[in-house]
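Close look at the chain arrangement
These are the residues of each chain, in order.
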Amino acid sequence: MYQAAIRLEQVSKKISFPMRAPGLSGFFRYLFAPQIRTITAIDHLDLVVEEGEAVALIGPNGAGKSTCIRIMAGIMSCSSGQVRVFGHDPFVERNKLAYQTGVVFGQRSQLWHHL
């Protein structure tokens, strides 16, 4: 069966976090009855990368580039859709993929040190 190096099919990621209102009353509401805000970081992304291809993810801040990389590296799971990297589910089989892939996050000034 044909298998691409990286395949993302209808991948979506929603991130929820509590919102805190200003002031002391906002703090107590945050502790006992927080309002939850949900944002969509990735919405139905399809991506196929063949073996030997070079791909760049570009876009404005908040477009979901780092979230996409984290999902492909197995650091984060997707909310819906299917992800395969070298035939493995990266979130479930992260240890197997760690020997075949590498990811460096950080500022440009730190990049040369990590490389």
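My aim in this report is to walk through the structure given alongside it, one point at a time. From a predicted model like this one, the values you see are computed outputs, not experimental measurements. (Residues numbered from 1 in each chain as written. Predicted model: local features only at pLDDT ≥ 70, side-chain atom pairs only at ≥ 80, totals over all residues. Heavy atoms only, no water.)

1. Brief notes about the pattern of salt bridges
Following the criterion strictly, the structure yields two salt bridges and no others. A salt bridge links Glu9 to Arg7, with the nearest nitrogen and oxygen atoms 3.9 Å apart. Exposure remark for Glu9: the relative accessible area of 34% places this residue in the partly exposed category. Overall, Arg7 belongs to the partly exposed group, its relative accessible area being 25%. Among the salt bridges present, the one from Lys96 reaches Glu93, with a minimum N-O distance of 3.4 Å. Using a relative accessible area of 23% as the deciding quantity, one classes Glu93 as partly exposed. (Salt bridge = Lys/Arg side-chain N within 4 Å of Asp/Glu carboxyl O. Buried < 20%, exposed > 50% of the residue type's maximum accessible area, 1.4 Å probe, protein only.)

2. Observations concerning the packing of aromatic side chains
Summed over all chains, the structure comprises two aromatic pairs. Look at Phe28 and Phe32: their rings are 6.5 Å apart centre to centre, the planes differ by 5°, and that puts the pair in the stacked class. You can see Phe28 and its partner Phe32 sitting in helix α1 (residues 23-32), four residues apart, about one turn around the helix. Take Phe28: its relative accessible area is 40%, and that puts it in the partly exposed class. Three or more aromatic residues joined by ring pairs make a cluster, and in this case those are Phe27, Phe28 and Phe32. (Phe/Tyr/Trp six-rings, centres within 6.5 Å; stacked < 30°, edge-to-face > 60°. Helix = DSSP H or I, 4+ residues; strand = E, 2+ residues; numbered from the N terminus.)

3. Overview of the nonpolar core
Membership of the largest hydrophobic core is limited to twelve residues, which are Ile6, Leu8, Val11, Ile42, Leu47, Val49, Cys68, Ile71, Met72, Val83, Val85 and Leu97. Taken together, the elements giving at least two residues each to this core come down to β1 (6-19), β2 (35-49), α2 (65-73) and β3 (80-85). Aside from chain neighbours lying at most four places away, what touches Met72 is Ile6, Leu8, Leu47, Leu57, Val85 and Pro90. (Core = buried A, V, L, I, M, F, W, Y, C linked by side-chain atoms within 4.5 Å. Contact = heavy atoms within 4.5 Å.)

4. Topic: the pairing of β1
Sheet analysis places β1 next to β2, joined by eleven bridges and oriented antiparallel. For Met19, the partnering residue across the bridge sits in β2 and is Gln35. (Pairing = 2+ DSSP bridges.)

5. Considering α2
Those residues of α2 that fall on the buried side of the exposure criterion are Thr67, Cys68, Ile71, Met72 and Ala73. Among the residues trailing α2, Gly74 stands out with phi positive, at a value near 85°.

6. So, the sheet that holds β3
Strand order in the open sheet made by the three strands is β2-β1-β3, with antiparallel pairing throughout. On the outer flanks of this sheet lie β2 and β3, each paired with one strand and no other. When the angles between neighbouring strand axes are averaged without regard to direction, this sheet yields 30°. (Axes fitted to C-alpha atoms, helices over the stretch in contact; angles between N-to-C directions.)

7. Focus: the state of the cysteines
For the structure shown, the criterion picks out zero disulfides. Note on Cys68: no disulfide assigned, nearest cysteine sulfur contributed by Cys78 at a separation of 10 Å. (Disulfide = S-S within 2.5 Å.)

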